[in-house]
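Next come the chains, spelled out residue by residue.
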Amino acid sequence: MTSVLYDAQGPRAKQRNILYTVLFLVVAAAALWWLYDSLASKHQLDWIKWKPFFTSSLPWETYIWPGLQNTLKAAFFALIIALPLGALFGIGRLSDHRWVRMPAGVVVEFFRAIPVLILMITANAAYSEYTTISSDSRPLYAVVTGLVLYNASVLAEIVRAGIQSLPSGQTDAAKAIGMRKGQTMLYVLLPQSVTAMLPAIVSQLVVIVKDTALGGAVLTFPELLASVRPMAANYGANTIACFTIVALIYIVVNFALTSFASWLEGRLRRRKKSTGAVVGAGTASGLETIGAPTLIVDDGRAI
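Residues numbered from 1 in each chain as written. Predicted model: local features only at pLDDT ≥ 70, side-chain atom pairs only at ≥ 80, totals over all residues. Heavy atoms only, no water.

1. Here's the deal with the overall build of the protein chain
- What the protein chain contains, in helices and strands, is 11 helices and zero strands.
- What you see in the protein chain, going N to C, is helices and strands ordered as α-α-α-α-α-α-α-α-α-α-α.
- Taken across its 303 residues, the protein chain has 33% of its residues classed as buried.
- Contacts in the protein chain between residues at least 24 apart in sequence constitute 72% of all its contacts with a sequence separation of at least 6.
- Counting only carbon and sulfur atoms, one obtains 66% of the accessible surface of the protein chain, whose full area is about 18700 Å². (Helix = DSSP H or I, 4+ residues; strand = E, 2+ residues; numbered from the N terminus. Buried < 20%, exposed > 50% of the residue type's maximum accessible area, 1.4 Å probe, protein only. Contact = heavy atoms within 4.5 Å. Areas by Shrake-Rupley, 256 points an atom, 1.4 Å probe, with all protein chains shown as cover.)

Quick look at the structure:
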């Protein structure tokens, strides 16, 4: 039996797939056993190294929770600054005016091409040389600045691509009812493109959360990953255990972000589903009703 996408497997193909599956499981089991044996032989799985995380609140209160707070603080500030900047530059790249479109494109391409770590180091040096920010607060400022400059340029491309993915008929319909360019962008294009852009924006937020670790590695920013070194030194060189706990926290945080984004995207899509709304005579005066394009405005109504 065949389908549109593929032909049904014959007896030999089924046998090969079973063989490949068995080989993969054997190799995976061997790799897991090798990892377990290596850690056990070096006493990294001894209960004494994992005990502090399950029997005491001190490592959580002293190292993990303060580090997680700093990570979330830096990511939050970077997002709330980078998102409007990215939207501004993304819209600027779509401008009909060359004097707006060209500078926006130069800024976006410039900061998108520079590694975020270099931006953090440069910002830290600039704050040290030209400002009076204290040395305790300077790493946070530098990390947020580097994340904003890089991620705003990435978000600008996401916004631009999201708006360009919309049907051109939406813009034509907005023009047909007399909307100006700014109104079309604000009330028609941006609200519709948010749903399409949301997965990419959340993916970039996950990147922001993880990139805060660069500040801890280079600028002594006391974020979550930077808490591993003093924590491991204080609890008997349990580096593997500390890294494992921190990695699980990153997984939980990022999974919560993606789950929330999936829920929000589904909710937005459900809100946009509509059978249409009746337009008053004053609104529709002067418009041809037969063959007129459909305009989806920001509250999900179809005109």
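2. Some remarks on the confidence of the model for the protein chain
- Across the protein chain, the average pLDDT comes to 83, with 87% of residues at or above 70.
- In the model of the protein chain, helix α11 (residues 281-284) stands out as the element of lowest mean pLDDT, 46, in contrast to helix α5 (residues 116-130), which has the highest, 93.
- Taken as a whole, residues 275-292 scores under 50 in pLDDT and shows seven contacts with residues more than four places along the chain or in a different chain. (pLDDT = per-residue confidence, 0-100.)

3. A few points about the environment of Ser 203
- Here Ser 203 shows up in helix α8 (residues 181-218).
- Along the primary structure Ser 203 and Asn 254 are separated by 51 residues, whereas in three dimensions their C-alpha atoms are 9.1 Å apart.

4. Focus on the side chain of Glu 157
- Mapped onto the secondary structure, Glu 157 falls in helix α6 (residues 138-164).
- Within polar-contact distance, the side chain of Glu 157 engages the side chain of Arg 93 at 2.5 Å.
- Aside from chain neighbours lying at most four places away, what touches Glu 157 is Arg 93, Val 108, Glu 109 and Arg 112. (Polar contact = N/O pair within 3.5 Å; in protein donor to acceptor, adjacent residues only side chain to side chain.)

5. Focus on a nonpolar patch on the surface
- Taken together, the side chains of Phe 76, Phe 77, Ile 80, Ile 81, Leu 85 and Leu 88 make up a nonpolar region of the molecular surface, amounting to roughly 520 Å² of accessible area.
- Judged by relative accessible area, which is 41%, Ile 80 ranks as partly exposed. (Patch = residues over 30% accessible without salt bridge, like charges linked within 9 Å, V, L, I, M, F, W, Y side chains within 5 Å. Salt bridge = Lys/Arg side-chain N within 4 Å of Asp/Glu carboxyl O.)

6. What about the pattern of salt bridges?
- Under the definition given, this model contains four salt bridges.
- Members of the salt-bridge network, linked through shared partners, are Arg 93, Glu 109, Arg 112, Glu 157 and Arg 160.

7. Quick notes on α8
- Over its 38 residues, α8 extends only 45 Å from the first C-alpha to the last, a length that falls short of the 56 Å expected when each residue adds 1.5 Å.
- Residue Met 197 marks the point of greatest curvature in α8, where the axis turns by about 55°; the proline Pro 199 follows within four residues.
- Looking at the residues trailing α8, positive phi occurs at Thr 220, about 55°. (Expected span 1.5 Å × (residues − 1). Bend = angle between axes of the 7 residues up to and from the residue.)

8. A short note on the layout of surface pockets
- Quantified by volume, the largest pocket comes out at close to 540 Å³.
- Lining of the largest pocket is provided by 19 residues; of these, Leu 94, Asp 96, Thr 171, Met 185 and Leu 189 occupy positions nearest its centre.
- Mapped by element, the contributors of at least two residues to the lining of the largest pocket are α6, α7 (168-176) and α8.
- Ranked by residue count, the leading element in the lining of the largest pocket is α8, at five residues.
- Considering only residue class, the lining of the largest pocket consists of eight nonpolar, seven polar and four charged. (1 Å grid on protein atoms, 1.4 Å probe; cavity = no way out; pocket = protein on both sides within 12 Å on 5 of 7 lines; lining within 4 Å. Points joined across faces, edges and corners; volume = space filled by probe spheres on them. Nonpolar A, V, L, I, M, F, W, Y, C, P; charged D, E, K, R; others polar.)

9. Brief notes about the side chain of Asp 211
- On the secondary structure map, Asp 211 appears in helix α8.
- One buried charge, Asp 211, has no salt-bridge partner; the nearest side chain with opposite charge is Lys 210, at 7.1 Å.
- Leave out the neighbours within four places in its chain, and Asp 211 touches Val 116, Met 120 and Leu 147. (Lys, Arg positive; Asp, Glu negative; His and termini not counted.)

10. A word on α7
- For α7, the full list of buried residues reads Gln 170, Ala 173 and Ala 174. Taken around the axis of α7, the buried residues stretch over an arc of 100°, which confines them to a single face. Residues of α7 that are exposed and point over 90 degrees away from its buried face: Ser 168 and Lys 175.
- The inward-facing, buried residues of α7 contact α8. (Arc of directions from axis to C-beta.)

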